[in-house]
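Listed below are the residues making up each chain.
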Amino acid sequence: MAINPLLEQSSRIALAAFLHNLGKFAERARLPVDPEVLDANKQLYCPHRKNHVDDRGWFTHVHAAYTGLAMDAIEDFLPDLTGTDFAPFGSWKTQDADDSFINAAAMHHKPKTFLQWVIATADRVASGFDREEFEQYNAADEGTATGKNHYTARQLPLFEQIRLHGEAPQAYAYRYPLKPLSPNSIFPVKAAGYESNDNAAAQQEYNDLWQGFTAALRQMPKAHRANGSLWLDHFETLWGVYTQAIPAATAFNVRPDVSLYDHSRVTAALATALWRYHQERGETGESAAEALKDPQKSWSENKFLLIQGDFFGIQDFIFASDGETGKRAAKLLRGRSFYVSLLAECAALKVLDTLDLPSTSQVINAAGKFMIVAHDTPATREKLQQVQNTLDAWFLEHSFGQAGVGLAWTEASCNDFRRGKNGQDSPYRQLIDKLIRQMEIIKNRRFDLCAKSAEAIVFNGFLDRFDNTKGVCKIDGRSPATEAFEEDYICRLAKDQMDIGAWLVNPAKQRILISRETLTLGSEVKIPIFGYHVGFVENEDRQGKFGEQARNGNLLRAWDFSLPDTDPDRALWNGYARRHINAYVSLADERDIQEELLGKYIGIEEPLELDAVKTLNHLACSDRKLAPERQDKWLGISALSTLKGDVDNLGQIFEKGLGNDISFSKTAALSRQMNAFFTVYLPWLCRNEFQDSYTVFAGGDDFFLIGPWLSQIKLAGKMRQAFQSYVANNQEVHFSAGICTTKPGLPITQLGDLAEDALEAAKGHNPKNQKPAPKNAVTCFNQHIGWDEFAELTGQRQQNLLRLSEDNGLSTGYVYGLLNLIEMAEKVEQNPENALWHSYFAYRTARMLERKKLDKDQRKQRHAALAEEIANAGIKGHGGNYRVTLFCHLYQQRD
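Model, not experiment: these values are computed from the prediction.

Visitor: Please explain unusual backbone geometry as it appears in this structure.
Guide: For residues that are not glycine, phi is negative in most cases, and the peptide bond is trans in most cases. The linkage connecting A87 with the following residue, P88, adopts the cis geometry, with an omega of 10°. With respect to the helices, strands and loops of the structure, P88 is situated in the loop between α4 (63–74) and α5 (101–106). Note that the residue after K771, namely P772, is joined by a cis bond; omega there is -5°. Within the secondary structure, P772 sits in the loop between α26 (748–763) and β21 (777–780). Positive phi, normally seen in glycine, also occurs at D356, with a value near 60°. Relative to the helices and strands, D356 is located in the loop between α15 (329–354) and β6 (362–366). Phi is positive for N729, close to 55°, though the residue is something other than glycine. If you trace the backbone, N729 turns up in the loop between α25 (709–726) and β20 (735–742).

If you want it as structure tokens, here you go:
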């Protein structure tokens, strides 16, 4: 076993590109430097402008000078860059070596050699610049479209700019706080009161961030420094945590709306692909540098291959339950959902590994979808087809074609990444359209079965695999059972999924190791995923337990997948590369144990254990409450609600939401930020406020949760409210959701189907027959409602009904009777006699109040209050949607 030299060289190119703007971070943090060394670096790395009085002039883009100085400051925590063999670069410390690592990173504004031009070209392409625009940018002074300098400018949210109808705003009201990545910091704040013109205060913010960054560097496993690609994966996460809110560009009067992280990772991916393209063709000398220098010579040549991956059949895979899965439903759901994320991650790894590309070449990664930037050569295309064949074979073997990962690739030139100019359509937008069309073709050609021979698609010898003593897998109901599990036999894949479901809730196993050969762990999946061995371990690598596996190249990835801390301001960094692929799971606490003793979960056979995962049956009881002044009576139904939703018009948002001012960096940033709401904030929200919500999956733009019926309704409202804040209150960015309430014990497949139907109904909500349908709605108790009305029905209307019920002792029969009145009110146009519903309400209410010991004036006042709230504000104001309020009230009172 040995580390791949080509992968190491590619990783070094990626790191140089990743660090090309390190100086922006350091310079804004006012890193202490020797003035003479700084002046020397300015001479070497910074463009010079002359004034009209004398020849002295001044230097622009001083951050390039700081890049070299900053790398000196963090050198001790980087991989060993001092060796004589640091191909394709020269020696680290040799300043006069044109192709040194440090020069390649810092010379992006004054490139001369081939490697410097690779980084510089990638920098320009990532921003969507053509040559003329970049020259203007290169000569520009610091200053943004918001009137701030590079110290005081704070990053603008892309979400605020999105417009599908109408013009984008001229002024932007929100900014991201200059903080490390955390559940709180991903939310924008109002610029007024935060963004100021105080340079000293702004620099102190940057300095605090820099100190956190350098301290975090020390937490990375030292043993991994000998493996460049493994270390780079960790560093990318670290860089993302501390630069996700640093504006990448603050010159040329631009809008600072792309983070340093997003620009860095796209630049790294493009630079690696560009270098590999020329390297494989033997074009790495002066002529190649000259060609890159002149866009007319090389920018129209297809050098890049954009590789898309998409996991299809996710829901079929997760909810497949033909066997006996009832008592194991929660663990199975947990394991399968995580397994889907593992499959997507390993599929992307397979592409990267086969092409000898580092993790930074993957620029998009969310909810089973990924994009990788590679070099467009015949060898690359041939290898990609081999990868697709490998993926297809694995899925046909283990899921019988129920799910799979499709790969689509599209060639691109530097010119294809340009933004639009002078009202002309953006070449990059055209490239996005091309990518979308290509992926649609692949989705509709799964496994390419029509092009394959019968032998390739028939499951030969399938029946011979069965052992009559073990029979069919009791989990999926179709596969040969091979593994003992509890009192049954299940297949190897189901055993892996059930084991993962158990490991995920073990706080000591929040790391994943992926290796070429087995690490002989006690917690390792039995079936290698696309040839990789996957194990769950404790945080032991800092003690060097797996250091040798890193040094010899066997260890490919080491991921932290722990949930966000309960502190919403704690940075999401634990020393390792991070993958947001875990979901919140409800565990029993002391209160649950005490409530079980009081009879809350009566009738449920499985007893609760402290810190053990609650079953779906237990979750169904979680919203029940003790009756007032009674310690032996629980009120409220036992029921589950499934909550499923996704962002509306996502395709249009990415295709045209930002108009012509769209770049590769912005696309990557928008994808990452959309994903973060569901993978960073939502798990934190569940962990802190909705502890009994069970996340089946959440990421990309969609989510599926199961939990206590009323809590899920409240969670839906909270999510919608938070999402509006997250997208800077942009009314054109929203999601729809379906809520389906059922008794526990319903098969998981049926829960999934009902939730999907409810979501589709919500997206079809269109009471005014608008074209296109506005969506932005929720289905609850089979009512399809806009979010604002839903908030009123589950908020003010429900509170008022509860108050009136307590004040007047409204019986269950009285409230149930209101449902009949709603039905009458809905059908007035069909039968005029139904208009009498208001009279029936008045009569029933009067009779109810007559039974109270009240005088005439009191009855009159209470009758008026009930009529105003229920008849007018409720039934007349909301029509059939008022059922949501009534059901929420009734189901809480049932014993």
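Visitor: I tried to follow helix α19 (residues 492–503) on my own but got confused; where do I start?
Guide: In an α-helix, one turn spans 3.6 residues, which is why side chains three or four residues apart end up on the same side. Between the first and last C-alpha of α19 there are 16 Å, a value that for 12 residues agrees with the 16 Å anticipated at 1.5 Å per step. For α19, a buried count of 10 out of 12 residues is recorded, marking the element as mostly surrounded by other parts of the structure. The set of residues buried in α19 consists of L493, A494, K495, D496, Q497, M498, D499, I500, G501 and W503. Packed against the buried residues of α19 are α14 (314–319), α15, α16 (378–398), β9 (483–485), β10 (488–490) and β12 (533–537).

Visitor: So what exactly am I meant to see when it comes to α16 here?
Guide: Between its terminal C-alpha atoms α16 stretches 31 Å, which fits the 30 Å expected from 21 residues at 1.5 Å a residue. Taken residue by residue, α16 has T380, L384, V387, Q388, L391, D392, W394, F395 and L396 as its buried positions. Downstream of α16 by one or two residues, F400 has phi in the positive range, about 55°.

Visitor: Just checking my understanding: could you explain the sheet that holds strand β8 (residues 404–413) for this structure?
Guide: Strand pairing in a sheet relies on backbone hydrogen bonds. The paired strands run either parallel or antiparallel. The antiparallel open sheet is built from four strands, whose spatial order is β6-β7-β5-β8. The two strands at the open ends of the sheet, each matched to only one other strand, are β6 and β8. Looking at each pair of strands side by side, their axes are set apart by 20° on average, direction ignored. Bridge count for strand β5 (residues 302–312) against strand β7 (residues 369–375) is seven bridges, and the pairing is antiparallel. Each residue of the ladder has a partner; that of L305, found in β7, is A374. Packed on one face of the sheet, helix α11 (residues 260–280) meets β5, β6 and β7 and runs near 40° to β7. Contacting β5, β6, β7 and β8, α15 crosses the sheet at an angle of about 5° to β7.

Visitor: Looking at this structure, how should I read the side chain of R579?
Guide: Topologically, R579 is positioned in the loop between β14 (577–578) and α21 (590–597). The exposure class of R579 is buried, given its relative accessible area of 12%. Among the polar contacts made by the side chain of R579, one reaches the side chain of E345 at a distance of 3.4 Å.

Visitor: Is there a simple way to think about the packing of helix α1 (residues 5–18) against helix α10 (residues 228–243) in this case?
Guide: Helix-helix packing: each pair is described by the crossing angle between the helix axes and the interaxial distance. As a packed pair, α1 and α10 sit with axes 9 Å apart at the nearest point and diverge in direction by 20°. With respect to their mutual orientation, α1 and α10 come out roughly parallel. Note that α1 runs across α10; the crossing there is left-handed. Of the residues in α10, those in contact with L7, E8, S11, A14, L15 and F18 of α1 are G228, S229, W231, L232, F235, E236 and W239. When grouped by side-chain class, the residues that make up the contact of α1 with α10 number eight nonpolar, three polar and two charged.

Visitor: I keep staring at the sheet that holds β12 and nothing clicks. Help me out?
Guide: Sheet architecture is open: four strands sit in the order β12-β11-β13-β14, paired in mixed fashion. For this open sheet the edge positions go to β12 and β14, each flanked by a neighbour on one side alone. Of the pairings in the sheet, the one linking strand β13 (residues 555–560) to β14 comprises two bridges and is parallel in character. Of the residues in β14, the one forming a bridge with D560 is R578. Of the strands in this sheet, β13 and β14 touch α10, which is tilted by about 20° from β13.

Calculation rules
- Residues numbered from 1 in each chain as written.
- Predicted model: local features only at pLDDT ≥ 70, side-chain atom pairs only at ≥ 80, totals over all residues.
- Heavy atoms only, no water.
- Helix = DSSP H or I, 4+ residues; strand = E, 2+ residues; numbered from the N terminus.
- Expected span 1.5 Å × (residues − 1).
- Buried < 20%, exposed > 50% of the residue type's maximum accessible area, 1.4 Å probe, protein only.
- Contact = heavy atoms within 4.5 Å.
- Pairing = 2+ DSSP bridges.
- Axes fitted to C-alpha atoms, helices over the stretch in contact; angles between N-to-C directions.
- Polar contact = N/O pair within 3.5 Å; in protein donor to acceptor, adjacent residues only side chain to side chain.
- Parallel < 35°, antiparallel > 145°, perpendicular 65-115°, else oblique.
- Left-handed = near helix turned anticlockwise from the far one by under 90°.
- Nonpolar A, V, L, I, M, F, W, Y, C, P; charged D, E, K, R; others polar.

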